[in-house]
Amino acid sequence: MNGTKTHNRKKIVTVFFCIACAMVFLAGRLVYLMVFQSEFYSAKAKDLHERERDIKAARGKILDINGKVLASNRSVCTISVIHSQVKEPEQVIQALSEELGMEEETVRKRVEKVSSIERIKSNVSKETGDRIRDRKLAGVKVDEDYKRYYLYDSLASKVLGFTGGDNQGIIGLEVVYDKKMMGTNGKILTLTDARGVELADAGERRLNPADGNNLRISLDYNIQMYAQQAAEKVMQAKEADSVSVIIMKPSNGEVMAMVNLPEFNLNEPYELPEGTSYANQEEKQNLLNQMWRNGCINDTYEPGSTFKVITASAALEAGVVSLSDNFYCPGYKIVEDRKIRCARTSGHGAQDFVHGLENSCNPVFIELGMRLGTDQYYKYFKQFGLLSKTNIDLPGEARTIMHEKKNIGQVELATISFGQSFQITPVQLATTISSLINGGKRIIPHFGVQIEDQEGNPVEVFSYEPTAQIVSDKTSGTMRSLLEKVVSEGGGNKAYIEGYQIGGKTATSQTLPRSAHRYISSFMCFAPADDPQVLCLVIINNPTGVYYGGTIAAPVAKEIFLNILPYLGIEKDPSVVEKERQEKEQKAQEQE
């Protein structure tokens, strides 16, 4: 019996000892949690009952090369409701319907939806947001937001692009440099009870947003305006479908202007031109996509005679032609079973290579293509960069549409040599010709210059080094001289400006099907001819009436140059001025 009592007593002592140890452990654990881990678990508890709302960061501005603001932001508001905090739903529904101009039923569905927070409407004007805030409606939140604002509506619309409701880029530079300009949103943090009702005395915490950086681009507002006005004038006069203009620096690829008429209003990007009809939303979206297309980048076309600059450069570089080589044009050239005509059907007769270029004679360039041969010509295509994209900093760049080398027979070689039977983008043509006349260095066309902070300090400077030497400096100089004669003595004379040496090339091409009799008139020019600082490409799609590039596109380029050459500080050449003065005196004497 005594042994049993002793055993029970030991068991009791053991149990009490275990309980005491457990209590000591729990007490110690409690002290550890309450003292040493108090901040951690306090934060965790707060998180469980903390509601957050975004404070939108301002998107960085887009600035032109001189610092003029092209894209900025306007203060707007986002109106939301917190279901658990709405005390008088009918009052809220009526007030928001009136202030926001929304259907009462639409507002009702959102107010009555059981969710932590429900957005009623974004991009609400600040004035409206302030009025709603002044009503002090329980459960209604008015938060600051930003809406992208374009100061000049349609200026360079297809270059700049626009943003969506979330302020993210949709097209153009806005999407390419989206992450560079996007800031970091802040937050409004409020404490709530277990039911989600905000605690009246808890206040709120704010994590301030960090605004995005600015983007400075090479586009010049004034040059863009000059180009756009000249393009609008010819588009109206010729009732053309579209007009494109590219103005760039041949030395480094900076694009100073890019016009794609018709442009659209960047502040109303989802509004189609007045009178446009569509059957459904899918058809409307297709029309919008077409309206937003940048023809200089996204579309290809047959370049026609402007491409003869490429053929001539390849022939000179390969040594298959000299300036004194003689040719004969009877108005056509027979290639296999085809009779390929010259633009001058009566023929140019006997002429050397220089006059063949001035006259834009198809048989001369067919002969150059034959001398080069398919293999060598295709080699220069690749060497000049024509089989690759330019890598311009805009989305959706199209590639050159070219025959595979194995499919290039004599007829294809002949038509390619004067700019037909293949397609190229305007920006590719402008880039390649710039590279051929700048000393032979293949450049990268671009808009982005640098990223800046809000004070204008550079954060990131972009670099665009030439990618290759595609022709010799000698060939490049010869082409500049030849193209200057095209303007001063040949078919590009309507772009001639007194006192300046301007190089250029005309083109008139026909779209498919040929039976539709639709034409593309274009003209490329650069100045000064001996040291090109600016290149301009004008393309007029489907003009009515006279459609020759030298007749209708060259005057557009001349008008643009008359404005921008003085603006860029490119002065008249004293030797050219003196030569012109002497020629005028001589003519006057001859008339006497």
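Before reading further, recall that the structure is shown in the block above.
Residues numbered from 1 in each chain as written. Predicted model: local features only at pLDDT ≥ 70, side-chain atom pairs only at ≥ 80, totals over all residues. Heavy atoms only, no water.

Let's talk about the pairing of strand 13 (residues 338-341)
Bridge count for strand 12 (residues 332-335) against strand 13 is four bridges, and the pairing is antiparallel. In the strand pairing of strand 13, Lys 333 is matched with Ile 340. (Pairing = 2+ DSSP bridges. Helix = DSSP H or I, 4+ residues; strand = E, 2+ residues; numbered from the N terminus.)

So, the side chain of Ser 360
Secondary-structure assignment places Ser 360 in the loop between helix 13 (353-358) and helix 14 (362-383). Among the polar contacts made by the side chain of Ser 360, one reaches the side chain of Ser 305 at a distance of 3.2 Å. Not counting residues up to four positions away in its chain, the partners in contact with Ser 360 are Ser 305, Lys 308 and Lys 505. (Polar contact = N/O pair within 3.5 Å; in protein donor to acceptor, adjacent residues only side chain to side chain. Contact = heavy atoms within 4.5 Å.)

Comments concerning the layout of surface pockets
In this model, the largest pocket occupies a volume close to 1000 Å³. Taken together, 35 residues line the largest pocket, and the ones lying closest to its centre are Cys 342, Ala 343, Asn 362, Thr 508 and Tyr 548. Sorting the residues of the lining of the largest pocket by element identifies strand 13, helix 13, strand 19 (503-510) and helix 18 (549-567) as the ones contributing at least two each. Looking at the lining of the largest pocket element by element, the count peaks at six residues for strand 19. (1 Å grid on protein atoms, 1.4 Å probe; cavity = no way out; pocket = protein on both sides within 12 Å on 5 of 7 lines; lining within 4 Å. Points joined across faces, edges and corners; volume = space filled by probe spheres on them.)

Thoughts on the packing of aromatic side chains
Summed over the entire model, instances satisfying the criterion amount to 15 aromatic pairs. Taking the centre distance of 6.1 Å and the plane angle of 90° together, the rings of Phe 162 and Phe 264 count as edge-to-face. Of this pair, Phe 162 sits in the loop between helix 6 (157-160) and helix 7 (172-176) while Phe 264 is found in the loop between strand 10 (255-261) and helix 10 (281-292), placing the two residues 102 residues apart along the sequence. A ring pair is formed by Phe 307 and Phe 381, whose centres lie 5.6 Å apart and whose planes are at 40°; its orientation type is tilted. Taken as a pair, Phe 307 in the loop between helix 11 (295-298) and helix 12 (308-318) and Phe 381 in helix 14 lie far apart in primary sequence, 74 residues in all. For the pair Phe 307 and Phe 381, one class covers both residues: buried. Of the aromatic side chains, those joined through ring pairs into one cluster are Phe 307, Tyr 377, Tyr 378, Phe 381 and Phe 422. One cation-aromatic arrangement involves Lys 339 over Tyr 332; the distance from NZ or CZ to the ring centre is 4.4 Å. Against the face of Tyr 380 rests Lys 379, its NZ or CZ located 4.4 Å from the ring centre. (Phe/Tyr/Trp six-rings, centres within 6.5 Å; stacked < 30°, edge-to-face > 60°. Buried < 20%, exposed > 50% of the residue type's maximum accessible area, 1.4 Å probe, protein only. Lys NZ or Arg CZ within 6 Å of the ring centre and 35° of its normal.)

A few points about the nonpolar core
Core analysis: the largest hydrophobic core is formed by 92 residues, its most contacted members being Ile 217, Met 258, Phe 307, Phe 353, Phe 384, Phe 447 and Leu 483. Top contributing element to this core by residue count: helix 14, with eight residues. If we ignore the near neighbours within four places in the chain, the residues touching Phe 447 are Val 159, Leu 173, Arg 216, Ile 217, Ser 218, Leu 219, Val 255, Met 258, Ile 392, Asp 393 and Leu 394. Counting 36 residues, the second largest nonpolar core, distinct from the first, contains Ala 231, Val 259, Val 556 and Ile 560. (Core = buried A, V, L, I, M, F, W, Y, C linked by side-chain atoms within 4.5 Å.)

Some thoughts on helix 16 (residues 426-437)
Taking 1.5 Å per residue, twelve residues should reach 16 Å; helix 16 reaches 17 Å between its end C-alpha atoms and fits that length. Of the positions making up helix 16, those classed as buried are Pro 426, Val 427, Gln 428, Leu 429, Ala 430, Thr 431, Thr 432, Ile 433, Ser 434, Ser 435, Leu 436 and Ile 437. Positioned one or two residues after helix 16, Gly 439 has a phi angle of 110°, which is positive. (Expected span 1.5 Å × (residues − 1).)

Observations regarding unusual backbone geometry
Cis geometry is adopted by the peptide bond preceding Pro 513, which originates at Leu 512 and carries an omega value of -5°. Within the secondary structure, Pro 513 is located in the loop between strand 19 and strand 20 (519-527). The step from Ala 527 to Pro 528 runs through a cis peptide bond, and the omega angle for that step is -20°. Of note, Pro 528 is situated in the loop between strand 20 and strand 21 (534-541). At Ala 156, a position not held by glycine, the phi torsion is positive, near 50°. By the element assignment, Ala 156 lies in the loop between strand 5 (140-150) and helix 6. When its relative accessible area of 1% is taken as the criterion, Ala 156 is described as buried. One non-glycine residue with positive phi stands out, namely His 517, at about 55°.

Read these as geometric descriptors, not functional statements.
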